Amino acid sequence: MPTYGWLLIAVFLPLCTMLVFSFMNATPMGRAPIVFTLKHYKAFITQPYLIGIAWDSLVIGFWTTFLCAVLGFFAALALARATIGRARETLLILILLPFWTNGLARVFSWTMVLREGGFLDTLWHALLPEAGSIGFLYSRPAIVLGLVHGYLPYMILTCYIALVTIDDSIIEAAQSLGARWWTILTRVLVPLALPGLTTGAILTFVPVIGSFMEPRILGGRVGVTMGTVIEDQFTQAFNWPLGAALSFTMLAVILAIFATFSGVLRRNAGGVA
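Definitions and cut-offs
Residues numbered from 1 in each chain as written. Predicted model: local features only at pLDDT ≥ 70, side-chain atom pairs only at ≥ 80, totals over all residues. Heavy atoms only, no water. Helix = DSSP H or I, 4+ residues; strand = E, 2+ residues; numbered from the N terminus. Contact = heavy atoms within 4.5 Å. Areas by Shrake-Rupley, 256 points an atom, 1.4 Å probe, with all protein chains shown as cover. Buried < 20%, exposed > 50% of the residue type's maximum accessible area, 1.4 Å probe, protein only. Polar contact = N/O pair within 3.5 Å; in protein donor to acceptor, adjacent residues only side chain to side chain. Salt bridge = Lys/Arg side-chain N within 4 Å of Asp/Glu carboxyl O. 1 Å grid on protein atoms, 1.4 Å probe; cavity = no way out; pocket = protein on both sides within 12 Å on 5 of 7 lines; lining within 4 Å. Points joined across faces, edges and corners; volume = space filled by probe spheres on them. Nonpolar A, V, L, I, M, F, W, Y, C, P; charged D, E, K, R; others polar.

**Examining the overall build of the protein**
Inference 1: Assigned secondary structure in the protein consists of 13 helices and zero strands.
Inference 2: The N-to-C order of helical and strand elements in the protein reads α-α-α-α-α-α-α-α-α-α-α-α-α.
Inference 3: In terms of its C-alpha atoms, the protein occupies a principal-axis envelope of roughly 75 × 60 × 35 Å.
Inference 4: The contacts in the protein between residues at least 6 apart in sequence include a share of 65% that link residues at least 24 apart.
Inference 5: Of the roughly 16200 Å² that the protein leaves accessible, carbon and sulfur atoms contribute 71%.

Written out as structure tokens, the structure reads:
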């Protein structure tokens with residue numbers, strides 16, 4: 001009961017409240033009479049530029065999730081298979097360090113690294129004094145880099161939990177049958193760690209789609225995403241119904257994407273079995 005009560009108060013009640021807001025014609029705290037309407041859900045039709053912004057947000061989400069999956073899986077594999085005892089505990093603490101720092105400070109620190117004349121640029125010019133600048137602040141790669149830094153620990157931990165439960169005898173059997181490391185990786189480790197990869201992808205992709213801090217700080221003029229648009233509706237335009245409608249529209253798109261991929265993953269899992 002305490003668990004379900006907490007979920008009701010912290011998750012479902014706010015979601016239901018925002019769902020009701022999305023059908024209103026105006027913010028309920030204003031003086032305008034409240035009328036229920038579907039006009040806010042037509043925003044992608046009446047304001048076509050939102051389609052491009054939504055597509056850019058999905059592309060950033062896919063790139064971030066893909067990079068987190070690749071880096072996170074191999075980091076978790078090294079953590080689970082190449083470390084023991086205190087070394088593993090120390091690395092786990094280092095992986096969790098981003099969670100112990102303020103997210104805003106973490107993102108702003110990247111501006112000092114990626115800007116022209118920043119740390120990365122200074123190091124590059126120390127090696128090649130005549131080379132041009134390699135600073136790429138206020139670009140989509142900078143946004144993706146900041147998001148990967150923030151959400152990579154989720155992927156590492158979920159993959160680590162899946163990999164650490166794999167019996168060593170399975171890998172030893174594959175090696176004794178002459179399987180090379182690439183075959184073991186693609187035919188044994190990845191299929192068995194697929195639940196961890198799927199969970200990590202969900203924990204990464206869903207919040208990345210709605211992120212607004214990294215795109216706004218690291219993206220500058222190119223950092224307009226659905227997260228920043230929705231945040232502006234709540235904090236600048238004070239148009240809560242439109243912000244709520246955009247949020248639930250993106251939520252529906254995300255659920256449709258995961259429903260599609262979950263069917264593919266189930267078929268792949270059946271083929272592996």
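**Comments concerning the side chain of T158**
Inference 1: Looking at where T158 falls in the secondary structure, it is placed in helix α7 (residues 140-164).
Inference 2: Relative accessible area serves as the criterion here: at 13%, T158 is assigned to the buried category.
Inference 3: From its side chain, T158 meets the backbone oxygen of Y154 in a polar contact 3.0 Å long.
Inference 4: A distance of 3.1 Å separates a polar side-chain atom of T158 from the backbone oxygen of M155.
Inference 5: Those residues in contact with T158 that lie beyond four places of it in its chain are G196, T199, G200 and L203.

**A look at the pattern of salt bridges**
Inference 1: A complete count under the given rule lists three salt bridges for this structure.
Inference 2: In this structure, R140 and D56 form a salt bridge, with 2.9 Å as the shortest nitrogen-oxygen distance. Here D56 lies in helix α3 (residues 49-81) and R140 lies in helix α7, a separation of 84 residues in the sequence.
Inference 3: R140 gets classed as partly exposed once you look at its relative accessible area, which sits at 39%.
Inference 4: For the salt bridge of E231 with R216, the shortest nitrogen-to-oxygen distance reads 2.7 Å.

**Observations concerning the layout of surface pockets**
Inference 1: In this structure, the largest pocket spans a volume of roughly 730 Å³.
Inference 2: In this structure, the largest pocket is lined by 23 residues; those nearest its centre are T65, A69, L194, L197 and A201.
Inference 3: Secondary-structure elements contributing two or more residues to the lining of the largest pocket are α3, α9 (181-192), α10 (194-209) and α13 (240-272).
Inference 4: Here the residues of the lining of the largest pocket sort into 19 nonpolar, four polar and no charged.
Inference 5: In this structure, the second largest pocket spans a volume of roughly 440 Å³.
Inference 6: In terms of lining residues, the second largest pocket is bounded by 17 residues, among which G210, I230, S247, F248 and M250 are the most central.
Inference 7: Put simply, the parts of the chain that give the lining of the second largest pocket at least two residues each are α1 (2-22), α10, α12 (226-235) and α13.
Inference 8: Considering each element in turn, the lining of the second largest pocket owes the most residues, six residues, to α13.
Inference 9: For the lining of the second largest pocket, the residue count by class is 13 nonpolar, three polar and one charged.

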